[in-house]
Amino acid sequence: FSSMRNFRSIHTLVMSHNMLTKLPCDLITKDLPNISHLDMSFNDITHIIGTFPPKLEILKLQRNQIKKITGLLNCKVLTTINLAHNNIKIIDGLPSSLEVLDISNNESSGEANLRMLAVNPNITNVMLDGNPVAAMNNYRIRLRGLLPKVVEIDHVVIPYKQKKELVNQGKKAL
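What counts and how
- Residues numbered from 1 in each chain as written.
- Predicted model: local features only at pLDDT ≥ 70, side-chain atom pairs only at ≥ 80, totals over all residues.
- Heavy atoms only, no water.
- Salt bridge = Lys/Arg side-chain N within 4 Å of Asp/Glu carboxyl O.
- Helix = DSSP H or I, 4+ residues; strand = E, 2+ residues; numbered from the N terminus.
- Buried < 20%, exposed > 50% of the residue type's maximum accessible area, 1.4 Å probe, protein only.
- Contact = heavy atoms within 4.5 Å.
- Disulfide = S-S within 2.5 Å.
- Pairing = 2+ DSSP bridges.
- Core = buried A, V, L, I, M, F, W, Y, C linked by side-chain atoms within 4.5 Å.

Colleague: Got a minute to help me understand the pattern of salt bridges in this structure?
Modeller: A side chain of one charge can pair with a side chain of the opposite charge if their charged atoms are brought near each other. As enumerated under the stated definition, the model contains two salt bridges in all. Of the charged contacts in the structure, one is a salt bridge between R142 and E111, with a shortest N-O distance of 2.3 Å. In this pair, R142 sits in helix α3 (residues 139–146) while E111 sits in helix α2 (residues 111–116), placing the two residues 31 residues apart along the sequence. The closest approach of N and O atoms between D154 and R140, which form a salt bridge, is 3.2 Å. Taken together, the residues D154 in the loop between β7 (152–153) and β8 (156–157) and R140 in helix α3 connect sequence positions 14 residues apart. For R140, a relative accessible area of 41% puts it in the partly exposed group.

Below, the structure written as structure tokens:
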């Protein structure tokens, strides 16, 4: 990573399929401050530690071994996160700028995890399928009540007519 300083203008960094066990956030932030798209999917990363680049908009960490979401609250322009196929149990620590969240095929369960998403009012697209929480009764209706801007849940687009109805049902279910 010491020679990364020569690439300060890079906006996209793909480090997928490299058997990495650590996420070198601090090095990337220091040497590549203009990164807006970071793909570190298909590795063996277990923890998210460090500070991400200030211009980061898209973060792909799917198919790692991540157990907990940390270090993302300071990502002020992060709009898209893919954390699918990890070992995440608690959905917490997501930035308020988030619009697209794929956290499918993890270990998240319980009403509390759905409620944690409510602190992210800008989410328009969310994937939670493959988690125990997705097996809850009226899961999509509850989720729609918590996320007023959501237009797609688990790759299913919510028709415009159903949105208002789902919001009203979701509020009653809560």
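Colleague: How should I be thinking about the side chain of S108 in this particular structure?
Modeller: Take S108: it is sitting in the loop between β5 (100–102) and α2. The class of S108 is buried, set by a relative accessible area of 0%. Ignoring any residue separated from it by four or fewer positions in sequence, one finds S108 in contact with I88, K89, I90, I91, N113, N131, P132 and V133.

Colleague: What is the right way to read α3 from this model?
Modeller: One turn of the α-helix equals 3.6 residues, which is why residues spaced by three or four share an orientation. With seven of its eight residues buried, α3 lies for the most part within the structure. For α3, the set of buried residues is Y139, I141, R142, L143, R144, G145 and L146.

Colleague: Would you mind showing me how to read the state of the cysteines here?
Modeller: Two cysteines joined by a covalent bond between their sulfur atoms form a disulfide. One pass over the full model with this rule turns up zero disulfides. Here C25 stays unpaired: no disulfide links it, and the sulfur of C75, its closest cysteine neighbor, is 8.1 Å away. Note on C75: relative accessible area 5%, which makes it buried.

Colleague: I keep staring at the sheet that holds β8 and nothing clicks. Help me out?
Modeller: Pairing between the strands of a sheet comes from backbone hydrogen bonds, and it takes one of two forms, parallel or antiparallel. Pairing is mixed in the open sheet, where eight strands are placed in the order β1-β2-β3-β4-β5-β6-β7-β8. Strands at the two margins of the open sheet, each flanked by one partner only, are β1 (12–14) and β8.

Colleague: What should I look at first to understand the nonpolar core in this one?
Modeller: As a rule of thumb, soluble globular proteins bury nonpolar side chains together. F52, L117 and V126 are the most contacted members of the largest nonpolar core, which has 42 residues in total. At the level of elements, α1 (25–31) and α3 are the ones that each hand at least two residues to this core. With three residues, the top contributor of residues to this core is α3. Residues within four places of L117 in sequence aside, it is in contact with I91, L94, L101, I123, V126, L128, L143 and L147.

Colleague: What am I meant to see in unusual backbone geometry here?
Modeller: Positive phi values are uncommon outside glycine, yet H17 reaches one of about 60°. Structurally, H17 can be placed in the loop between β1 and α1. Judged by its relative accessible area of 56%, H17 is exposed. The phi dihedral of N138 falls on the positive side, at around 55°, and the residue is not glycine. The residue N138 is located in the loop between β6 (125–127) and α3 in this model.

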